[in-house]
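So the chains spell out like this:
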Amino acid sequence: MDLFRYRQGRLYCEELPVADLARRFGTPLYIYSAGTLRRHYRKLASAFAPLKPLICYSVKVCSNTHILRLLREEGAGFDLVSGGELYRVLEAGGDPARCCFAGVAKTDAEIRFALAKGLRLFNIESEEELENLAHLAAEAGKRARAAVRVNPNVDPKTHRYMATGKKETKFGVDLERAERVFRQFAASAGARHVSLEGVHCHIGSQITTVEPYVQAVTKALDLVRALGGAGIEITTLDFGGGFGAEYEGGQALDAEAFACALVPLLEGTGLEIVMEPGRFIAGNAGILVTQVQYVKAGGDRRFLLCDSGMHHLIRPALYGSYHHIWPVDPGEDFTPAQRIRDEAFPGTEVVDVVGPICESSDFLAKDRHLPPVRRGGLLAVFSAGAYGMTMASEYNSFPRPAEVLVEEAEARLIRRRGTYEDLVAPEKDV
Ligand SMILES: Cc1ncc(COP(=O)(O)O)c(C=O)c1O
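All of the points below concern the structure found in this document. These numbers were taken from a predicted model, which means no experiment stands behind them.

Details of the nonpolar core
Of all hydrophobic cores here, the largest spans 126 residues; its most connected members are I31, L133 and A380. It is helix 8 (residues 211-229) that contributes the most residues to this core, 7 residues altogether. Looking at which domains feed residues into this core, each of domain 1 (4-32 + 283-427) and domain 2 (34-280) supplies at least three. Apart from the residues within four sequence positions on either side, I31 is in contact with C13, V18, L21, G286, I287, V289, V404 and V406.

Quick look at helix 5 (residues 108-117)
Each turn of an α-helix holds 3.6 residues, which means side chains three or four residues apart point in the same direction. Of the residues making up helix 5, those classed as buried are I111, A114 and L115. Angularly, the buried residues of helix 5 cover 100 degrees about the axis, an arc narrow enough to put them on a single face. Residues A109 and A116 are exposed on helix 5 and point more than 90 degrees away from its buried face. Packing partners of the buried residues in helix 5 comprise helix 4 (83-91), strand 7 (99-101), strand 8 (121-124), helix 6 (127-140) and strand 9 (144-151).

Observations concerning the site of the ligand
Taken together, the neighbourhood of the ligand is formed by 16 residues, with S58, S205, G241, G278 and R279 sitting nearest. For the shell around the ligand, a count of residues per class yields 6 nonpolar, 7 polar and 3 charged.

Focus: the pairing of strand 6 (residues 77-80)
Of the two faces of strand 6, the one carrying G77 and D79 and the one carrying F78 and L80 are both buried. Bridge count between strand 5 (residues 54-58) and strand 6: 3 bridges; the pairing is parallel. Bridge pairing in strand 6 links C56 to G77. This β-α-β element, strand 5 to helix 3 (residues 65-74) to strand 6, shows right-handed connectivity. One ladder, built from 3 bridges, connects strand 6 with strand 7; its direction is parallel. By the bridge assignment, L80 is partnered in strand 7 with F101. Chirality of the crossover, the property in question, places the unit of strand 6, helix 4 and strand 7 among those that are right-handed.

What counts and what doesn't
Residues numbered from 1 in each chain as written. Predicted model: local features only at pLDDT ≥ 70, side-chain atom pairs only at ≥ 80, totals over all residues. Core = buried A, V, L, I, M, F, W, Y, C linked by C-beta atoms within 7 Å. Buried ≥ 20, exposed ≤ 12 C-beta atoms within 10 Å, placed from the backbone. Helix = DSSP H or I, 4+ residues; strand = E, 2+ residues; numbered from the N terminus. Domains from an automatic or database assignment. Contact = placed C-beta atoms within 7 Å. Arc of directions from axis to C-beta. Near = placed C-beta within 6 Å. Nonpolar A, V, L, I, M, F, W, Y, C, P; charged D, E, K, R; others polar. Pairing = 2+ DSSP bridges. Right-handed = clockwise from strand over helix to strand, strands pointing away.

What follows is the structure, given as structure tokens:
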């Protein structure tokens, strides 16, 4: 699954003890395993190889330019949702011709930037956006390539905040309207400036069953066939991302399981396939290391008061997400055989792992059985590689954590720790 392992009572990232990294780079600290990132990317690439897909890693998941560079070297293109993400991809040497650009509210400035760079695909989320793209492409003297993001009204069976393919969400164009959008656009003047050649759908995130994909892709293919019947040729199908990562043990499916269901549906269609995985690649490739500042009792609870919390990893507060947490150096007696929810160890105590933020939503875990941890102890928050650092903030004016990338026995700082000067820099000379 990943290359974070306990050996003789100590946590290692690949070949390096995590405690040594925390000493060297300080806490809070995001640590990523390059081997895990590569392994997960390759699993997907190999499972879906029969489709020869363009794999666009979803930048929002973990957007450090060093990680983008690593994945670019593996062969990835990129899925973007903002001009800022395009900027990051360019910084990392990514090829715009291997990028797709979704996002419900793209600004004119972002569209102009993307047009100037020549993206592979604009994933259009509304009729007005399509009209605007045609207008801006004409202005720039370019012909854009685009897909309509359809909303297939499929329940991805995930947290409601991560479901994007249901009718009541803001994403995409309802399937019933999509055919009309293609037909009307084909007959419009805008068609000179936009090649509307694709169907896109992304139904949600942390999806752990194949059925929602089968339903969504089947509906998308029905649309492609209907359009073909009307003389509108669709050449590209982008089925988005959403493959789940492992948070609790035994939960996520492997790439083969998704491929077994999807490859037979898509093979032989002649369509160019795009996919946009994020969490599957990065989720288990990162941990957040935090130091316990104090331990205290409050009411009937016991709190581990840490130097990291919802401002660095918001998933527990936002989605009620489970992240496995365990001491970095628990000793042999507390070395878990595997990382699963509620692993029973004699001698553990029930604690809430909380951060320094002035909000009662500031927790990383509640009611956890952990080995006794004292002031100064280090905790590892697992499966923090996706939607961790990218959703971090400077709330309460805590500078952002540092990020380190480990490859075998080598550790590289890939983002320095934020400073107090960073906090106020944009407010100077205004
Ligand atoms: C359009 C789009 N594509 C891909 C993704 C990546 O999803 P995941 O990280 O679940 O693979 C997202 C995330 O929400 C998205 O909005």
